[in-house]
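Now for the letters of each chain:
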Amino acid sequence: MKKWASIKSNLPAAVFLGLIVILWELISRAAAVPAYILPAPTEIAVALGDNFLLLIAHTRVTLAAVLSGLALAVLTACILAVAMDRWKPLKQALYPVLVISQSIPIFALAPLMLIWFGVGLLPKILIVTLVCFFPLAVNLVEGLSQVDPEAIDLMQTMKANRWMIMISVQLPFAMPFFFSGLKIAATYSVLGAIIGEWLGARAGLGIYMLRAMNSFRTSHLFASVIVVILLSLALFKLVELAGWASMPWQRQSKDQMEG
Amino acid sequence: MIPIEKLQLKEVSSTYSSGEEKLPVLDRVSLSVGAGEFVSVIGPSGSGKSTILKIAAGLLNPDRGKVFIDSSDITGNPQLVGYMPQQDLLFPWKTLKQNAALPLLAAKTKKKEAYARVEEMLPVFGLEGFADYYPYQLSGGMRQRTALMRTMLIDSDLMLLDEPFGALDALTRENMQDWLLRIWERFKRSALFVTHSIDEAIYLSDRVCVISERPGKNVLEQVIELPRPRKKELLTTEKFTSYKQMLIDALSVKS
C-alpha cells in the first residue's frame, strides 16, 4: 500500500521528465544542433557508457572529499551547538557571526582555502565542511532550544543534572531537526566539493567537468552532471534512511500521515 | 500537638509577565499538606492552579510568600519531588521502561538495577509485558499509569499532581482515580492534587482547597470526612452530595 502510494506520488514527475527527454531528443535531431552546443540524450547516454570506469574513478575522489567534509561538519556542528546551548553568552557571541559568515560567497572563500592548504584533498574537505556546517548548526541550535520547558522542569524535579537533560531529553528532541539540516547539507556537499575541484585539483568530478568543457565534449559534461545528480540523490536518500533507522519513535506519525 | 506539615505555602503571590503585560495569577494563597495527607486544589480554569504546583516544587519563584517542605524554606529552589505535569510528558524516544527509569538514573542508580526495579513495579501499575513499548504504542490510560509509576520512582514522599487525568475519557478517568488511591495508600505519600472536577476532588481527598478566579485567592478549605478506602458507592451518598453542593457554592462566589 505504502509502496504503491509513493510510486503514484512520483509518477507525474517521472512522466514530465520523460516527456522533456523525448522532446529534447526530437529537437536536437530535427534541428541538427551541433553536439558541442546541445548533445542529444542518446549521445549523452553513449558518453556515459564509454566513460563509465573513468567517471567512477573521478567520483570516488569527489566522494572522499564529500564524506570527510560532511563528517567534519557534523562533528563541529554538534560540538558547537551543544556548547552554545549550554553557555548562553557563547551563543550570543557566536550565532550572529555564523549568520554573517554565511553571506560570504563560497566562491570567495574557496580560493583562499587553496592558497592556504594547496591542491590536495584537505582544501576540498574544508570547503565541503564550510558549506555543510551552517544548516547543521542552525537546525541543531534551534532543536535544542525548542524543547518543552515543562520537560526540563520535570527533569529538574528528579534532580537530573544538565548533562543528563541534554543527553536524554534535548538531543533526542533535536534529532529530527538535525536530520533535516543534514539533508540540506548532503545536497550542498557535492556542490561544495566540485567547486573546490574547479579551483584546483588533480582528479574528481569537477576536474572531469573542466576537461570535458575545455575540449568541447559537451556530451561528456552532461554525463558528469548526471553522475552529480545521482550522487546527490543517493546521499539524500541515505540521510533519510539513517534518520528513519535512528528514530524509531518517528515512524508511527509518518505512517499515519501517509496511510 | 503541632501537626507535622509536609508542605506549606505561606501567602504566596505570583505574577505572570510577558513583555509589558503583567497579569496577577495568585494573590496571597496559603495551603498546607500534612504528612500522608491527600489535599486537592480546585478552581476555575486559569486560576493559577498549575502555578501553585510549580511554586510548591520550587520551580517558580513567587513574588511574595514562602514555601516550606519539611519546615525548611525551599522558595524558588527546585526540589526532589514527585511532580506530575498536566500532559503525561513521556518522552517519545524512550520505551516505557526507559521513561519510568529516568528518576532512578537521575539518582545515579546503575542502569541494570534501575531497569530491574522498573520491571518489578510493572505489575503494580498493570503494565507487565509492555516494558519495551514506545509511548505511541500505549493507550491513554497506560501512558498515564507509566507517568504515575515514574512519579512513584522519584525518591520523595511528596507528590504534586497537575490534573493528571484531565485528558482521559470519563471511564478511564474513574479507573485511574481508583488506581491513584490504591497507589497512594500503598506508598503512603503526601499528595497535592490539582483538578477542576469537583467529584474527583471529593472522592480522592482528605481536604479540598477552593481557589477563586484569577488572581487566585483562598476561598474555602473543606475537610472531607468520608471513610477510606474510598468506594464508588460513596458518590451517591448524601454526605458526598452535600460536600459537592458546598464546593459548587464556593466556586460560584465571585472574587
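Small disclaimer: the values here were computed from a predicted structure and weren't measured.

## A few points about the sheet that holds strand β1 (residues 5–18) of chain B
Residue and element names in this part refer to chain B.
Inference 1: Overall, antiparallel pairing links the four strands, which are arranged β2-β1-β4-β5 in an open sheet. Of all strands in the sheet, those bounded by a partner on one side alone are β2 (21–34) and β5 (72–73).
Inference 2: Inspection of the sheet shows strand β4 (residues 64–69) paired to β5 by two bridges, in the antiparallel sense. Looking across to β5, one finds that Phe-68 is bridged to Asp-73.

## Considerations on the pairing of strand β3 (residues 38–42) of chain B
All names here are of chain B.
Inference 1: Judged by how many residues are buried, β3 sits mostly within the fold: five of five residues are covered.
Inference 2: Neither face of β3 is left uncovered, since the one carrying Phe-38, Ser-40 and Ile-42 and the one carrying Val-39 and Val-41 both have all their residues buried.
Inference 3: Inspection of the sheet shows β3 paired to strand β8 (residues 190–195) by five bridges, in the parallel sense. Bridge pairing links Ser-40 to Phe-193 in β8.
Inference 4: Direction of pairing for β3 relative to strand β9 (residues 207–211): parallel, over a ladder of four bridges. Of the residues in β9, the one forming a bridge with Val-39 is Arg-207.

## Some details on helix α8 (residues 162–198) of chain A
Inference 1: An ideal rise of 1.5 Å per residue puts 54 Å on 37 residues; α8(A) reaches only 46 Å between its terminal C-alpha atoms.
Inference 2: Phi turns positive, to about 155°, at A:Gly200, one or two residues after α8(A).

## Examining the pattern of salt bridges
Inference 1: Per the counting criterion, the structure on display carries 19 salt bridges over all chains.
Inference 2: In this structure, A:Lys88 and A:Asp85 form a salt bridge, with 3.8 Å as the shortest nitrogen-oxygen distance.
Inference 3: Classification of A:Asp85 as buried rests on a relative accessible area of 7%.
Inference 4: The salt bridge partner of B:Lys217 is B:Asp27, with a shortest N-O separation of 4.0 Å. Pair noted here: B:Lys217 is in the loop between β9 and β10 (218–223) and B:Asp27 is in strand β2, with a separation of 190 residues, a long-range link.
Inference 5: A single network of salt bridges, built from pairs that share partners, joins A:Lys183, A:Lys237 and A:Glu240.

## What to know about helix α4 (residues 88–102) of chain A
Inference 1: Relative to the 21 Å expected for 15 residues at 1.5 Å per residue, α4(A) spans 21 Å between its end C-alpha atoms, a close match to the ideal helical length.
Inference 2: Helix geometry: α4(A) is bent most strongly at A:Leu94, by close to 25°, with proline A:Pro96 lying one to four residues after it.

## Section: unusual backbone geometry
Residue and element names in this part refer to chain B.
Inference 1: For the bond from Arg-214 to Pro-215, the omega torsion is -10°, close enough to zero to count as cis.
Inference 2: Looking at where Pro-215 falls in the secondary structure, it is placed in the loop between β9 and β10.
Inference 3: Of the consecutive residues Arg-228 and Pro-229, the connecting peptide bond is found in the cis state with omega at -5°.

## Observations regarding the domain arrangement of chain B
Residue and element names in this part refer to chain B.
Inference 1: When cut into domains, chain B gives domain 1 (5–81 + 156–252) and domain 2 (90–155).
Inference 2: Here the C-alpha centroids of domain 1 and domain 2 sit 25 Å apart.
Inference 3: Contact residues are listed per partner, giving 16 residues for domain 1 and 13 residues for domain 2.
Inference 4: Taking both partners together, domain 1 and domain 2 bury about 1,300 Å²; carbon and sulfur atoms supply 75% of that area.
Inference 5: Taken as a group, Met-176, Trp-179 and Ile-183 account for 33% of the area that domain 1 buries against domain 2, more than any other trio of residues on that side.
Inference 6: If you look at where domain 1 meets domain 2, you find zero salt bridges.
Inference 7: Counting across the domain 1 and domain 2 interface gives three residue pairs in polar contact (both at pLDDT 80 or more).
Inference 8: Within the residue set of the side of domain 1 that touches domain 2, elements represented by two or more residues are β7 (158–162) and α5 (170–187).

## As for the packing of aromatic side chains
Inference 1: If you walk through the whole model with that rule in mind, you get 14 aromatic pairs over all chains.
Inference 2: Seen from their ring centres, B:Phe165 and B:Phe193 are 6.1 Å apart, and the 50° between their planes marks the pair as tilted. In this pair, B:Phe165 is assigned in the loop between β7 and α5 and B:Phe193 in strand β8, connecting sequence segments 28 residues apart.
Inference 3: B:Phe193 sits in the buried class, given a relative accessible area of 0%.
Inference 4: An aromatic cluster is built from A:Phe173, A:Phe177, A:Trp249, B:Phe91 and B:Trp93, whose rings are joined through pairwise contacts.
Inference 5: Lying across the ring of A:Trp163, A:Arg86 places its NZ or CZ 4.7 Å from the centre.
Inference 6: Against the face of B:Trp179 rests B:Arg182, its NZ or CZ located 5.4 Å from the ring centre.

## Describing the interface of chain A and chain B
How big an interface is tends to be expressed through the accessible area that disappears when the partners come together.
Inference 1: The interface of chain A with chain B comprises 20 residues on the first partner and 25 residues on the second.
Inference 2: Of all residues in chain A, A:Thr157, A:Met158 and A:Trp249 give up the largest surface area on contact with chain B, accounting jointly for 31% of the area buried on that side.
Inference 3: Counting the contacts that link chain A with chain B gives one salt bridge.
Inference 4: The salt bridge involving B:Lys54 is made with A:Glu150; its shortest N-O contact spans 2.7 Å.
Inference 5: Where chain A meets chain B, there are five residue pairs in polar contact (both at pLDDT 80 or more).
Inference 6: Taken together, the elements giving at least two residues each to the side of chain A that touches chain B come down to α7 (149–157) and α8 of chain A.
Inference 7: With seven residues, α7(A) is the single largest residue contributor to the side of chain A that touches chain B.

About the cut-offs
- Residues numbered from 1 in each chain as written.
- Chains lettered and ligands numbered in written order.
- Predicted model: local features only at pLDDT ≥ 70, side-chain atom pairs only at ≥ 80, totals over all residues.
- Heavy atoms only, no water.
- Pairing = 2+ DSSP bridges.
- Helix = DSSP H or I, 4+ residues; strand = E, 2+ residues; numbered from the N terminus.
- Buried < 20%, exposed > 50% of the residue type's maximum accessible area, 1.4 Å probe, protein only.
- Expected span 1.5 Å × (residues − 1).
- Salt bridge = Lys/Arg side-chain N within 4 Å of Asp/Glu carboxyl O.
- Bend = angle between axes of the 7 residues up to and from the residue.
- Domains from an automatic or database assignment.
- Contact = heavy atoms within 4.5 Å.
- Buried area = accessible area lost by both parts, 1.4 Å probe.
- Polar contact = N/O pair within 3.5 Å; in protein donor to acceptor, adjacent residues only side chain to side chain.
- Phe/Tyr/Trp six-rings, centres within 6.5 Å; stacked < 30°, edge-to-face > 60°.
- Lys NZ or Arg CZ within 6 Å of the ring centre and 35° of its normal.

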